[in-house]
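Structure at a glance
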Amino acid sequence: MKKHNFSAGPCILPESVLKQASEAILNFDDLNLSLIEISHRSKNVVAVMDEAMALVKELMGLPEGYSVLFLQGGASLEFLMVPYNLMKEGGKAAYLETGTWAKKARQEAEAFGDVTVVGNSSDKNFSYIPKGYEVPADADYFHSTSNNTIYGTQMKSFPKVNCLNVCDMSSDIFSRNLDFSQFDLIYAGAQKNMGPAGTTLVVVKDEILGKTGRKIPTMLDYNTHIAKESMFNTPPVFAIYTSMLTLRWLKENGGIDWIENINNQKAELLYGEIDRNPLFAGTAAVEDRSYMNACFLLNDESAHKESFDNMLKEGGINGLNGHRSVGGYRASMYNALPLSSVEALLEIMRELERKA
Ligand SMILES: *Cc1c(COP(=O)(O)O)cnc(C)c1O
């Protein structure tokens, strides 16, 4: 039986997607060829790319004027492509520092110009989202991280800004409905909530590009990839195909509204138990809790850790260890994690309480 996969990333994918992806490795589109041994310029592969791009636009409800790209280098390469493409020579950017990834993004931007940190929750180990901060109007862009994978916090709202609005949505992309058109650039590594590692989704408003006065190396220029529809160089076809299958799965089942409703149920169930069960405590500020990554601790590790860990193992629960910088446990409840896996975890938490 498949394990209950709470891994923080790479993530669980729908069973039907894994099945179709593995079939395509052997025989893609009845071509009697593998998906990963044919030209990316063949019409079947171009059709995959086109469908993936169209699904992103449709699921997000994007207006005209946005391009969808599937790039390589992970979300980490976007940390530098964003300032390269958006920060003017001698310009300025504003960052909201809500966790490790946000900090890494800010550090890359510092190589390009003046960076202002408008809010920072490192004083309490990133356990909350700063509020009431001001974004300077003379910034070229504002950068935020919608969901903090490691610390289990999530932005429930986004500030209105008078500059470009950029968001790293790696770990909650397609998990909840937002007004995506409030952003000028969104990026997300595929491996948290969409597909395997190897491709990064970038959604960018065309009109914001080409205004920095800076010479941008070809591969790092978003305009290169827009002009060539993500086929300037050989794209990671398998990662894009599998991501496309996940997006198809999402659309066929009812889109983001459908999954958001299930994600809410999963998070409410788990946080409900963390709050009710006297053996456990959540680590993030209640109002900022992530609906993707729930971080929690055992109140008395020396008394219960060994038996809890054994019960998790016996119950087929995978990937529940917290990140080394937080400790404790982290249950990642990405789109493809079924409600029944959360119920299985709850059963173990209750059982631990009964035994204690
Ligand atoms: C995992 C993660 C990243 C880094 O992604 P890579 O694709 O490994 O570079 C960046 N931002 C967030 C929010 C993440 O969760």
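Residues numbered from 1 in each chain as written. Predicted model: local features only at pLDDT ≥ 70, side-chain atom pairs only at ≥ 80, totals over all residues. Heavy atoms only, no water.

Some points on the overall build of the protein
Assigned secondary structure in the protein consists of 9 helices and 14 strands. Over its C-alpha atoms the protein spans a radius of gyration of 21 Å, differing by no more than 12% from the 21 Å that the globule rule assigns to 356 residues. If you line up the protein on its principal axes, its C-alpha atoms span 65 × 55 × 30 Å. Counting the 356 residues in the protein, one finds 56% classified as buried. (Helix = DSSP H or I, 4+ residues; strand = E, 2+ residues; numbered from the N terminus. Rg over C-alpha atoms; globule rule 2.2 N^0.38 Å. Buried < 20%, exposed > 50% of the residue type's maximum accessible area, 1.4 Å probe, protein only.)

Some points on the side chain of His 323
Structurally, the position occupied by His 323 is in the loop between strand E13 (317-318) and strand E14 (329-332). Classification of His 323 as buried rests on a relative accessible area of 18%. A distance of 2.7 Å separates polar atoms of two side chains, one belonging to His 323 and the other to Ser 325. Excluding its chain neighbours within four sequence positions, the residues that come into contact with His 323 are Ile 150 and Arg 330. (Polar contact = N/O pair within 3.5 Å; in protein donor to acceptor, adjacent residues only side chain to side chain. Contact = heavy atoms within 4.5 Å.)

Describing the site of the ligand
Around the ligand, the structure places 13 residues, and the nearest of them are Ser 76, Thr 149, Asp 168, Gln 191 and Lys 192. Asp 168 is positioned such that a nitrogen or oxygen atom in its side chain is 2.6 Å from a nitrogen atom of the ligand. About the coverage of the ligand: the protein hides 88% of its 390 Å² of free accessible area. Top contributing element to the shell around the ligand by residue count: helix H3 (residues 74-86), with 4 residues. Taken together, the residues of the shell around the ligand sort by class into 3 nonpolar, 8 polar and 2 charged. (Near = heavy atom within 4 Å. Areas by Shrake-Rupley, 256 points an atom, 1.4 Å probe, with all protein chains shown as cover. Nonpolar A, V, L, I, M, F, W, Y, C, P; charged D, E, K, R; others polar.)

Regarding the domain arrangement of the protein
Accessible area lost during the coming together of the parts is what is often quoted as the interface size. Splitting the protein by domain gives domain 1 (15-253) and domain 2 (254-355). Averaged C-alpha coordinates put domain 1 and domain 2 at centres separated by 27 Å. Domain 1 puts 29 residues into the contact, and the matching count from domain 2 is 27 residues. Taking both sides of the interface into account, the surface hidden between domain 1 and domain 2 amounts to around 2200 Å²; carbon and sulfur atoms contribute 52%. For the pair domain 1 and domain 2, the number of links is 1 salt bridge. The interface formed by domain 1 and domain 2 holds 19 residue pairs in polar contact (both at pLDDT 80 or more) in total. Those elements giving two or more residues to the side of domain 1 that touches domain 2 turn out to be strand E7 (153-154) and helix H6 (237-253). No other element matches H6, which puts 5 residues into the side of domain 1 that touches domain 2. Its residues placed into classes, the side of domain 1 that touches domain 2 shows 10 nonpolar, 12 polar and 7 charged. (Domains from an automatic or database assignment. Buried area = accessible area lost by both parts, 1.4 Å probe. Salt bridge = Lys/Arg side-chain N within 4 Å of Asp/Glu carboxyl O.)

A word on the UniProt feature "modified residue: N6-(pyridoxal phosphate)lysine" (unreviewed entry) in the protein
UniProt feature "modified residue: N6-(pyridoxal phosphate)lysine" (unreviewed entry): in the numbering of this structure it lies at Lys 192. Mapped onto the secondary structure, Lys 192 falls in the loop between strand E9 (185-189) and strand E10 (200-205). Once residues lying within four places of it in the same chain are set aside, the contact partners of Lys 192 are Ala 8, Gly 9, Cys 11, Thr 149, Ser 170, Ser 171 and Tyr 334. (UniProt positions renumbered as here; feature names shortened; annotations may be inferred.)

As for the sheet that holds strand E12 (residues 293-298)
Spatially, 3 strands are ordered E11-E12-E14 in an open sheet, and the strand pairing comes out antiparallel. Taken across any chain shown, the strands that pair with only one partner, and hence form the sheet edges, are strand E11 (280-282) and E14. The average angle at which neighbouring strand axes cross in this sheet is 35 degrees, direction not considered. Pairing of E12 with E14, which is carried by 4 bridges, proceeds in the antiparallel orientation. (Pairing = 2+ DSSP bridges. Axes fitted to C-alpha atoms, helices over the stretch in contact; angles between N-to-C directions.)

With respect to H6
End to end, H6 covers 24 Å across 17 residues, agreeing with the expected 24 Å (1.5 Å per residue, within 8%). In terms of residue burial, H6 counts as a mostly covered element, since 12 of its 17 residues are buried. Taken residue by residue, H6 has Val 237, Ala 239, Ile 240, Tyr 241, Thr 242, Ser 243, Met 244, Leu 245, Thr 246, Leu 247, Trp 249 and Leu 250 as its buried positions. The elements touched by buried residues of H6 are helix H1 (15-26), helix H2 (43-60), strand E2 (66-71) and helix H7 (255-276). Backbone geometry just downstream of H6 places Gly 254 in the positive-phi region, at approximately 130 degrees. (Expected span 1.5 Å × (residues − 1).)

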